[in-house]
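For reference, the chains in residue letters:
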Amino acid sequence: MTEQYVYSFQNGDGKNKQLLGGKGANLCEMTQIGLNVPPGFVITTSACLDYLDNHQLADGLLDKVKVQIKEVEQTTGKTFGGGENPLLISVRSGSAISMPGMMDTILNLGLNRKTLAGLIEQTNDPRFAYDAYRRFIQLFGKVALDIDDEKFDVHFEAIKKQSGVKADVGLDAGHLKEISDLFLQVVHEETGNPFPEDVFEQLEISIKAVFNSWTGKRAVDYRREFHITPDMANGTAVNVVTMVFGNMGNDCATGVGFTRNPGTGINEMYGEYLVNAQGEDVVAGIRTPKPVHELKKEMPDLYKQLVDLRNKLEAHYKEVQDYEYTIEKGTLYCLQTRNGKMNATAMVKTSVDMLNEGLISKEQALLRIDPELLEQLLHPHLDPNNNIPSLAKGLPASPGAACGKCVFDADSAERLGRTGEDVILLREETKPEDIHGFFASQGILTSRGGKTSHAAVVARGMGKACVAGAEDIKVDVKSRRALVSEVLISEGDIITIDGSTGEIYLGRIPTIQPSFSEELKTMLAWADEIAEIRVHANVDTPERARTAASYGAKGIGLCRTERMFNATDRLPIVIDMIIADSTEERQIALDKLLPFQRDDFQQLFEAMSPHPVTVRLLDPPMHEFLPSEQQLLDEIQALKQYETILLGQKVTLNTLSSNTPLPPPFDQLDEEVVNIAITKKELMLKKVRDLFEVNPMLGHRGVRLGMSYPEIYKMQIRSILESAAICIKRQIPVLPEIMVPQVITAKELVQVKQYVDEIKHEIEQANRIELKFKFGTMIETVRASTRAGALAETAEFFSFGTNDLTQATFSFSREDAENKFLPLYNEMGLLEDNPFEVLDVKGVGQLMKITVDLGRKTRPEMKIGICGEQGGLPLSIRFCHHIKLDYVSCSAPRIPIARLAAAHAKLLENEYSEHQDDR
Ligand code: PEP
Ligand code: MG
């Protein structure tokens, strides 16, 4: 063994999380800055990888471990395996990236018959000693020997029942001794071997078990879900720490805390503790803990020490800390600290506050927030004015509102979630193995546990609503029902939870959109100061434009005009335009459409004034505005049947010589009217058949329509420029940009530009004004990319339509790939990501680089942006910044994310690499 695999807390490098894991590095760092950490050492992540590769511990590793144990013995005065003052240790996992509860931990290691006797004599507290012993046997049995928890639990529950005890604390030393003996038997029966008495054997087995937990299902699932790659965290370290006990009596306690409130970000003491308990009891939610403020009354001196610890942690780490502590007979120990996982509201508030307090710089304030996190801030919350009484109340553990069908286990949540249903996972308490249920649920509700229980921590990390510890709810998983006083909740019933207040409601409660907090505005304004790439919005309606502007969009990067054609008052005119037989007929329909479009653009320009608005000329194939062939056939058949009925009616009336007129509207519906309808439908059917294309997305669309039907593009150009003229006259600053889709050659652009110039001249003359606007093209075809130099002679701006450009580069149909083979490609590792979601830097990105170079060679000041879906993704924004695009355009809710990501891209530009590889 040449590499050093074991470090004492005194010697390990507190900054090297890759090697020592986050927990190990922090234990080293805390020890070295003088905090009271129980002595111990770290076995490195490299030792884990070595073990996983070779299926055995590295040569000499156990000798080094023994040397470290000796050191701990010397510092503590205790002996590992000793009968007098026995040293007990915990063996804990910890990788570079925190994966709460995903891997394994063993406590009270070092107990055997001899040390147990020693512990009893030393503490004079057999109850405490047997309690530690039974906990150790069960944890060791479960984690290291792979024995089902249930095998132990049945005995535990049976003894509790026999002795008429409800809570664990009610068990006396005799009960716990009996339980320990039964547990030892369980181990023997399940493994065929007695429980290991040799403490070093216990340690060796445990180290291996923790290493193995790195490749356990839970940990692998978690890494996949959170995109934790090997370069972020590879292997787990093992932390061996002297046990300290929060359960040695009423002068002992254990607790967890955040240095600030992780739900709101407020700078206050936050956390929970339990007197006379072990740390796991708080996290597991077995007993409901007390808020930390009560410690002030209960143990005032220790509360002061805790405040001091909290202040030291923040001052040193310059980041909100999530810490664990134990009070053993009046001494406070800090057992662990890590950067606190908080929701978006708290992250933003703490960024702004910590900057104002001088704790961090503006760059740090921005960089500590993952842009994706901001999405939470745009989630709906419950309408505070709803008058519906709540059914029950728990602890507000992770803010946000969620509504869905109630399910009682993680597997059902996953099953139902996969079908697209919204679900709320209702459990007594959650455990790490429920993680897949979290992913599938809209919200989590538990009847036990506190704000730092597993459910609360994991939900907060995921930004999902969570109400914890709603003790009035009696959950019965077996019958898949829960009871709240008289009210029964059955599986599948809709419930709503409010993670901000803790209220739980039966049924669906209306929600409202959240507004931007002042802190978020402040932080995003800092982001804008730093960012070089601007953020525009992909919106098509004035209302969405106003929302986008309120989210901070600096323009509209893509207005898809076809969406304006689909409104109910326009579609019939659009259909007339499509089925028109001659240019003149088409012009009549276009003349009707023009005022609608002009009005749309005017409102859009006003909503986004004074920023630019890029309007794309018609793009989709025309058949998209018509019904399908089958629908038309069915309708024509129905009309013909109706025509026969009308005829029959007439015959009936004539035969009976009745003078009774038919009531309206049937009096109007004679065969002639029906005939007109049939003729129109038949014309539409003919058009649908004429327009049929095997692959319309690669067919008659985009500028090809503008070439075939110049009058359509001319109408749109006129609407844009006339509305600009109206705005100018009303002194509203406007910056329209006319954008041509699907271009393959400069000649197409020259042609459209000619229409533009003619219309511009006409409008300028008529209004005696000068129109200022830009003319440009989308880059969506490979040919446009390679001909960018020529296109730039006419185009004043480029906008990458990376949805189509990805389709063109991969020859993947954007309509089908994502449902058919792309998931398999990702699973097999043939492609890392879905290229329609994450910009494919290695393929599409290279075309973009060529385009930028060629375009700016012709026109150095060329404005270039992106408006494909990838434009709102932080990873893609970093690439766009890298190749010097001027803007990214994305949907409105992604604007805050993109603004922060744009600042990150600038701040981290020197660390950017395109990760070139050969695939
Ligand atoms: C694109 O192709 O990236 C684009 C924005 O256009 P659309 O998605 O409308 O084809
Ligand atoms: Mg496109």
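Residues numbered from 1 in each chain as written. Chains lettered and ligands numbered in written order. Predicted model: local features only at pLDDT ≥ 70, side-chain atom pairs only at ≥ 80, totals over all residues. Heavy atoms only, no water.

**Q** Would you take a moment to explain the overall build of the protein for this structure?
**A** In terms of regular secondary structure, the protein is built from 34 helices and 33 strands. If you line up the protein on its principal axes, its C-alpha atoms span 105 × 80 × 50 Å. Residues classed as buried in the protein amount to 54% of the 919 residues present. Intrachain contacts of the protein at a sequence separation of at least 6 include 70% that bridge at least 24 residues. Charge centroids of the protein, computed over 101 positive and 131 negative side chains, lie 3 Å from each other. (Helix = DSSP H or I, 4+ residues; strand = E, 2+ residues; numbered from the N terminus. Buried < 20%, exposed > 50% of the residue type's maximum accessible area, 1.4 Å probe, protein only. Contact = heavy atoms within 4.5 Å. Lys, Arg positive; Asp, Glu negative; His and termini not counted. Charge placed at Lys NZ, Arg CZ, Asp CG, Glu CD.)

**Q** In this structure, what is going on with the pairing of strand β9 (residues 270–275)? I would like to understand it.
**A** When a strand is regular, its side chains alternate between the sheet's two faces. Most of β9 sits inside the fold, with 6 of its 6 residues counted as buried. Where burial is concerned, the two faces of β9 agree: the one with Y270, E272 and L274 and the one with G271, Y273 and V275 are both buried. Strand direction decides the pairing type here: strand β8 (residues 253–258) and β9, joined by 6 bridges, are antiparallel. Across the sheet, the residue bridging to G257 is G271, located in β9. (Pairing = 2+ DSSP bridges.)

**Q** Would you mind showing me how to read the site of ligand 1 here?
**A** The local shell around ligand 1 holds 14 residues, among which R560, R616, G801, N803 and R814 are the closest. The backbone of N803 places a nitrogen or oxygen atom 2.7 Å from an oxygen atom of ligand 1. A distance of 2.7 Å separates an oxygen atom of ligand 1 from a polar atom in the side chain of R814. Isolated, ligand 1 exposes 290 Å² of accessible area, and the fraction of that covered by the protein chains is 95%. Of all the secondary structure elements, the ones that give two or more residues to the shell around ligand 1 are β27 (556–560) and α30 (802–810). With 3 residues, the top contributor of residues to the shell around ligand 1 is α30. In terms of residue class, the shell around ligand 1 is made up of 3 nonpolar, 4 polar and 7 charged. (Near = heavy atom within 4 Å. Polar contact = N/O pair within 3.5 Å; in protein donor to acceptor, adjacent residues only side chain to side chain. Areas by Shrake-Rupley, 256 points an atom, 1.4 Å probe, with all protein chains shown as cover. Nonpolar A, V, L, I, M, F, W, Y, C, P; charged D, E, K, R; others polar.)

**Q** When you look at the coordination of the magnesium ion (ligand 2) in this model, what are you seeing that I'm missing?
**A** For a metal bound by four donors in tetrahedral geometry, the ideal donor-metal-donor angle is 109.5 degrees, whereas six donors in octahedral geometry ideally sit at 90 or 180 degrees. Around the magnesium ion (ligand 2), the donor atoms from the protein are E780 (OE) and D804 (OD), and they sit 1.9 to 2.0 Å away. Of the two residues, E780 is situated in the loop between β30 (774–779) and α28 (782–786) and D804 in helix α30; the sequence distance between them amounts to 24 residues. Pair check on accessibility: E780 and D804 agree, each one buried. (Donors = N, O, S within 2.8 Å, 3.2 Å for Na, K, Ca; no water.)

**Q** It is not clear to me how the environment of S447 should be interpreted in this structure. Could you clarify?
**A** With respect to the element layout, S447 can be found in the loop between β18 (443–446) and α17 (454–462). Residue classification places S447 among the buried positions, given a relative accessible area of 4%. Excluding residues within four positions of it along the chain, S447 makes contact with R427, E428, G469, A470, E471, I473 and V475.

**Q** Looking at this model, I keep getting lost on the sheet that holds strand β10 (residues 290–291). Mind explaining?
**A** Pairing in this open sheet of 5 strands is antiparallel, and the strands run β10-β9-β8-β11-β12 from one edge to the other. Only two strands of the sheet have a single partner each, and these edge strands are β10 and β12 (331–339). Both β8 and strand β11 (residues 321–328) contribute to a ladder of 6 bridges, which runs antiparallel. Following the sheet pairing, G257 is matched in β11 by Y323.

**Q** Where do I start with the nonpolar core in this structure?
**A** Generally speaking, soluble globular proteins have nonpolar side chains that are buried together. Core analysis: the biggest nonpolar cluster contains 141 residues, and L374, M523, M577, V752, M848 and L885 have the highest contact counts within it. Each residue touching M848, except ones within four places of it in the same chain, is listed here: F800, T802, L805, L839, I866, F879, I883 and L885. With 81 residues, the next largest nonpolar core counts F80, Y130, V238 and V458 among its residues. (Core = buried A, V, L, I, M, F, W, Y, C linked by side-chain atoms within 4.5 Å.)

**Q** How should I be thinking about the packing of helix α21 (residues 571–579) against helix α24 (residues 671–691) in this particular structure?
**A** If you want to describe how two helices pack, look at the angle between their axes and the distance between the axes. Running from amino to carboxyl end, α21 crosses α24 at an angle of 65°, the nearest separation of the two axes being 10 Å. Note on packing geometry: the crossing formed by α21 with α24 is left-handed. Residue-level inspection shows I575, D576, I578 and I579 of α21 in contact with α24, the latter providing K680, L683, M684, K687 and L691. Looking at the contact of α21 with α24 residue by residue, the class counts come to 6 nonpolar, no polar and 3 charged. (Axes fitted to C-alpha atoms, helices over the stretch in contact; angles between N-to-C directions. Left-handed = near helix turned anticlockwise from the far one by under 90°.)

**Q** I keep staring at the sheet that holds strand β5 (residues 89–94) and nothing clicks. Help me out?
**A** Backbone-to-backbone hydrogen bonds pair the strands of a sheet. The strands run either parallel or antiparallel. Taking strand neighbours across the sheet as the criterion, the 5 strands line up as β1-β2-β7-β5-β6 in an open arrangement whose pairing is antiparallel. The open sheet has two edge strands with one neighbour each: β1 (6–8) and β6 (105–109). Averaged over all pairs of adjacent strands, the angle between strand axes in this sheet comes to 20°, irrespective of strand direction. Bridge analysis of β1 against strand β2 (residues 40–43) gives 3 bridges, and the strand direction is antiparallel. From the neighbouring strand, V6 faces β2, where its bridge partner is I43. Sheet contacts for helix α8 (residues 199–213): β2, β5, β6 and β7 (237–242); angle to β5, the most-contacted strand, approximately 15°.

**Q** Would you take a moment to explain empty space enclosed by the protein for this structure?
**A** In this structure the tally under the stated criterion is 5 cavities of 30 Å³ or more. Contributing to the lining of the largest cavity are 20 residues, with R92, V244, G279, T326 and L335 lying nearest its centre. Within the residue set of the lining of the largest cavity, elements represented by two or more residues are β5, β7, β8, α10 (279–284) and β11. (1 Å grid on protein atoms, 1.4 Å probe; cavity = no way out; pocket = protein on both sides within 12 Å on 5 of 7 lines; lining within 4 Å. Points joined across faces, edges and corners; volume = space filled by probe spheres on them.)

**Q** Please clarify how the packing of aromatic side chains should be interpreted in this entry.
**A** What characterises a pair of aromatic rings is the spacing of the ring centres plus the angle enclosed by the ring planes. For the coordinates displayed, the defined rule picks out 17 aromatic pairs. Summarising the aromatic geometry, the rings of Y51 and F211 are spaced 5.6 Å apart at their centres and angled 40° between planes, so their arrangement reads as tilted. Pair noted here: Y51 is in helix α2 (residues 45–54) and F211 is in helix α8, with a separation of 160 residues, a long-range link. Accessibility assignment for this pair places Y51 and F211 in one class, buried. Taken together, F810, F812, F821 and Y825 form an aromatic cluster joined through their ring pairs. K66 extends its terminal NZ or CZ atom over the ring of F200, reaching a point 5.1 Å from the ring centre. Above the plane of the ring of W214 lies R223, whose end atom (NZ or CZ) is 3.7 Å from the centre. (Phe/Tyr/Trp six-rings, centres within 6.5 Å; stacked < 30°, edge-to-face > 60°. Lys NZ or Arg CZ within 6 Å of the ring centre and 35° of its normal.)

**Q** So what exactly am I meant to see when it comes to a negative patch on the surface here?
**A** Among the surface-exposed residues, D146, D148, E150, D153, E189 and E190 lie close enough to one another that they form a single negatively charged patch. Contributions of two or more residues to the negative patch are made by α6 (149–162) and α7 (173–191). Exposure remark for E189: the relative accessible area of 60% places this residue in the exposed category. (Patch = residues over 30% accessible without salt bridge, like charges linked within 9 Å, V, L, I, M, F, W, Y side chains within 5 Å. Salt bridge = Lys/Arg side-chain N within 4 Å of Asp/Glu carboxyl O.)

**Q** Looking at this model, I keep getting lost on the environment of R508. Mind explaining?
**A** Within the secondary structure, R508 is located in the loop between β24 (503–506) and β25 (511–512). Each residue touching R508, except ones within four places of it in the same chain, is listed here: C403, I494 and T496.

**Q** Teacher, can you tell me more about helix α13 (residues 344–356) here?
**A** Helical periodicity: at 3.6 residues per turn, an α-helix aligns residues three or four positions apart in one direction. Spanning 13 residues, α13 covers 18 Å between terminal C-alpha atoms, matching the ideal 18 Å at 1.5 Å per step. Burial analysis of α13 places 11 of its 13 residues in the buried class, which makes it a mostly covered element. Every buried residue belonging to α13 is among A344, A346, M347, V348, K349, T350, S351, V352, D353, M354 and L355, and all of these are buried. Looking at the buried positions of α13, the neighbouring elements they touch are α14 (362–367) and α18 (518–530). At the N-terminal end of α13, a side-chain oxygen is found 3.2 Å from the backbone nitrogen of T345, two or three residues along, and the residue is N343. G358 sits one or two residues past α13 and shows a positive phi near 80°. (Expected span 1.5 Å × (residues − 1).)

**Q** Explain the side chain of T44 to me, please; I cannot follow it from the model alone.
**A** Relative to the elements of secondary structure, T44 occurs in the loop between β2 and α2. Given a relative accessible area of 0%, T44 falls into the buried group.

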